[in-house]
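# Reading the structure
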Amino acid sequence: MILCCGEALIDMLPKDEGFIPHAGGAVFNTAIALGRLGAPAGFFSGLSNDLFGTKLAHVLEESRVETGFCARSNRPTTLAFVTLTNGQAQYAFYDENTAGRLLAADDLPALPADVQALFFGGISLVNEPAAETYAALMAREAPSRVTMLDPNIRPGFITDPETYRARIDRMLALADIVKLSDEDLHWLEGPGEVTDLARGLLARGPKVVFITKGAEGAHAITATQDRFVASQRVTVADTVGAGDTFNAGVLAALHRAGALTKDAVLTDAILDAALDLGARAAAVTVSRAGANPPWEHEL
């Protein structure tokens, strides 16, 4: 099983003069996409018992994602109001005192042996106590299980950049797999050539860094490899969930290849398969409104 650890929230998507609720959250979207791609997927988060939390759990289960690891509470669900400019999503988060935000160390689950890998990321890594709870889980499990990190950086949501950067640096050093957009890479590392910056991250511990470059395509970079896949051309509805779906494609492909182990050798063929599935799955997601990842049969 691949356990996705992070936020579940309600995206309030614009429609006419108002908004409509849609299940979302970066890590939630990755879990949904994994389940739909046929990978064994689980989800860990602080999940509310309110109307929205019940909806989130239902959507996970419909997409074949195990929800038994979640810490349930009566606190409210996080809301994210989305605005679109030329198809690009911007977010305003309402996260105070929510089930996800107040996730604590006592909520961490014991993990069975069949959990091969853990995925972390999103806004869940910004605010305490949840951010430190996820960091503690990664530190606990990284020595024995594959870990993947995608910070999915939202600068407007980060109120303490110094603390946030320090946390991400610690998690980068623990991760086997890192994924960043080119914008995220430059926010963390400053200006420079993508491959050089990615190899600077590799020197801190990861085995492979995936870099997505929007409509251009994506790289998989190791100490000796730089594999690339071009994005598929589609009519873009919006970009909500594109990177999250890419992550799921990468993890699903690595699972299929038997490469979600600490000692796996990431050959060119394995990296190419991961890039290909990530790009194809993300192309479907951007072709329709909201974060609506494809099922395996749609590819």
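Scroll up for the structure.
Residues numbered from 1 in each chain as written. Predicted model: local features only at pLDDT ≥ 70, side-chain atom pairs only at ≥ 80, totals over all residues. Heavy atoms only, no water.

Glancing now at the overall build of the protein chain. The helix and strand inventory of the protein chain stands at eight helices and 15 strands. Here the protein chain has a C-alpha radius of gyration of 17 Å; the compact-globule value for 299 residues is 19 Å, and the two agree. The principal-axis extent of the C-alpha atoms belonging to the protein chain is close to 50 × 45 × 40 Å. Expressed as a percentage of the 299 residues in the protein chain, the buried residues total 57%. Total accessible area on the protein chain is roughly 12,100 Å²; 52% of this is exposed by carbon and sulfur atoms. In the protein chain, 24 positive and 37 negative side-chain charges are present, and the distance between their average locations comes to 3 Å. (Helix = DSSP H or I, 4+ residues; strand = E, 2+ residues; numbered from the N terminus. Rg over C-alpha atoms; globule rule 2.2 N^0.38 Å. Buried < 20%, exposed > 50% of the residue type's maximum accessible area, 1.4 Å probe, protein only. Areas by Shrake-Rupley, 256 points an atom, 1.4 Å probe, with all protein chains shown as cover. Lys, Arg positive; Asp, Glu negative; His and termini not counted. Charge placed at Lys NZ, Arg CZ, Asp CG, Glu CD.)

What follows deals with the nonpolar core. Ranked by internal contacts, the top residues of the largest apolar core, which has 52 residues, are Phe-28, Leu-34, Phe-43, Ile-177, Phe-210, Leu-254 and Leu-260. Other than its neighbours up to four places away in sequence, Ile-177 contacts Val-146, Thr-147, Met-148, Leu-149, Val-208, Phe-210, Leu-254 and Leu-260. By size, the runner-up hydrophobic cluster in this structure holds 44 residues, among which are Ala-80, Val-126, Phe-157 and Val-209. (Core = buried A, V, L, I, M, F, W, Y, C linked by side-chain atoms within 4.5 Å. Contact = heavy atoms within 4.5 Å.)

A word on the packing of aromatic side chains. One pass over the structure, following the stated rule, counts seven aromatic pairs. Between Phe-19 and Phe-81 the ring centres are 5.1 Å apart and the planes differ by 85°, which places this aromatic pair in the edge-to-face class. Remark: Phe-81 occurs in strand 8 (residues 79–85) and Phe-19 occurs in strand 3 (residues 18–24); sequence separation between them is 62 residues. Judged by centre distance (6.0 Å) and plane angle (70°), the ring pair of Phe-44 and Tyr-134 falls under edge-to-face. Placement of Phe-44 in strand 4 (residues 41–44) and of Tyr-134 in helix 3 (residues 130–141) is noted, with a sequence separation of 90 residues between them. Like Tyr-134, Phe-44 is buried. Put simply, the rings of Phe-19, Phe-81 and Tyr-94 touch in pairs and so form one group of aromatic residues. Cation over ring: Arg-165 sits above Trp-187, and NZ or CZ is 4.0 Å from the ring centre. (Phe/Tyr/Trp six-rings, centres within 6.5 Å; stacked < 30°, edge-to-face > 60°. Lys NZ or Arg CZ within 6 Å of the ring centre and 35° of its normal.)

Let's shift gears to the side chain of Asp-95. With respect to the helices, strands and loops of the structure, Asp-95 is situated in the loop between strand 9 (88–94) and strand 10 (117–121). Looking at Asp-95, the relative accessible area reads 11%, which means it is buried. Among the polar contacts made by the side chain of Asp-95, one reaches the side chain of Thr-98 at a distance of 3.1 Å. If we ignore the near neighbours within four places in the chain, the residues touching Asp-95 are Thr-78, Arg-101, Asn-127 and Phe-157. (Polar contact = N/O pair within 3.5 Å; in protein donor to acceptor, adjacent residues only side chain to side chain.)

Right, let's talk about unusual backbone geometry for a bit. Trans is the prevailing form of peptide bonds, just as negative phi is the prevailing case for residues other than glycine. Following Glu-128, the chain continues to Pro-129 via a peptide bond in cis, the omega torsion being 5°. Residue position: Pro-129 is located in the loop between strand 10 and helix 3. A positive phi is found at Asp-16, a non-glycine position, where the angle reads about 55°. Tracing the sequence through the fold places Asp-16 in the loop between strand 2 (9–15) and strand 3. Residue Asp-16 is classed as exposed on the basis of its relative accessible area, which comes to 72%.

Further remarks concern the pattern of salt bridges. Taken as a whole and assessed by the stated rule, the structure comprises 17 salt bridges. For Asp-176, the salt bridge identified is with Lys-262, shortest N-O distance 3.1 Å. Placement of the pair is Asp-176 in the loop between helix 4 (161–174) and strand 12 (177–181) and Lys-262 in the loop between helix 7 (242–256) and helix 8 (268–286), with a sequence separation of 86 residues. For Asp-176, a relative accessible area of 10% translates into the label buried. (Salt bridge = Lys/Arg side-chain N within 4 Å of Asp/Glu carboxyl O.)

The next point concerns the sheet that holds strand 4. What the nine strands build is an open sheet, ordered 6-4-1-10-11-12-13-14-15; its pairing is mixed. At either end of the open sheet lies a strand with only one pairing partner, and these are strand 6 (65–66) and strand 15 (226–230). In the sheet, strand 11 (residues 146–150) pairs with strand 12 via two bridges, with the strands oriented parallel. Pairing of Leu-149 across the sheet is with Val-178, part of strand 12. Lying over the sheet, helix 1 (residues 26–36) contacts strand 1 (2–5), strand 4, strand 6 and strand 10, oriented at roughly 160° with respect to strand 4. (Pairing = 2+ DSSP bridges. Axes fitted to C-alpha atoms, helices over the stretch in contact; angles between N-to-C directions.)

This part takes up the state of the cysteines. Enumeration over the complete set of coordinates arrives at zero disulfides. Cysteine Cys-5 is unpaired, with the sulfur of Cys-4 as its nearest cysteine sulfur at 7.2 Å. On the accessibility criterion, Cys-5 (0% relative accessible area) is buried. Unpaired in this structure, Cys-70 has its nearest cysteine sulfur neighbour in Cys-5, at a distance of 9.6 Å. (Disulfide = S-S within 2.5 Å.)

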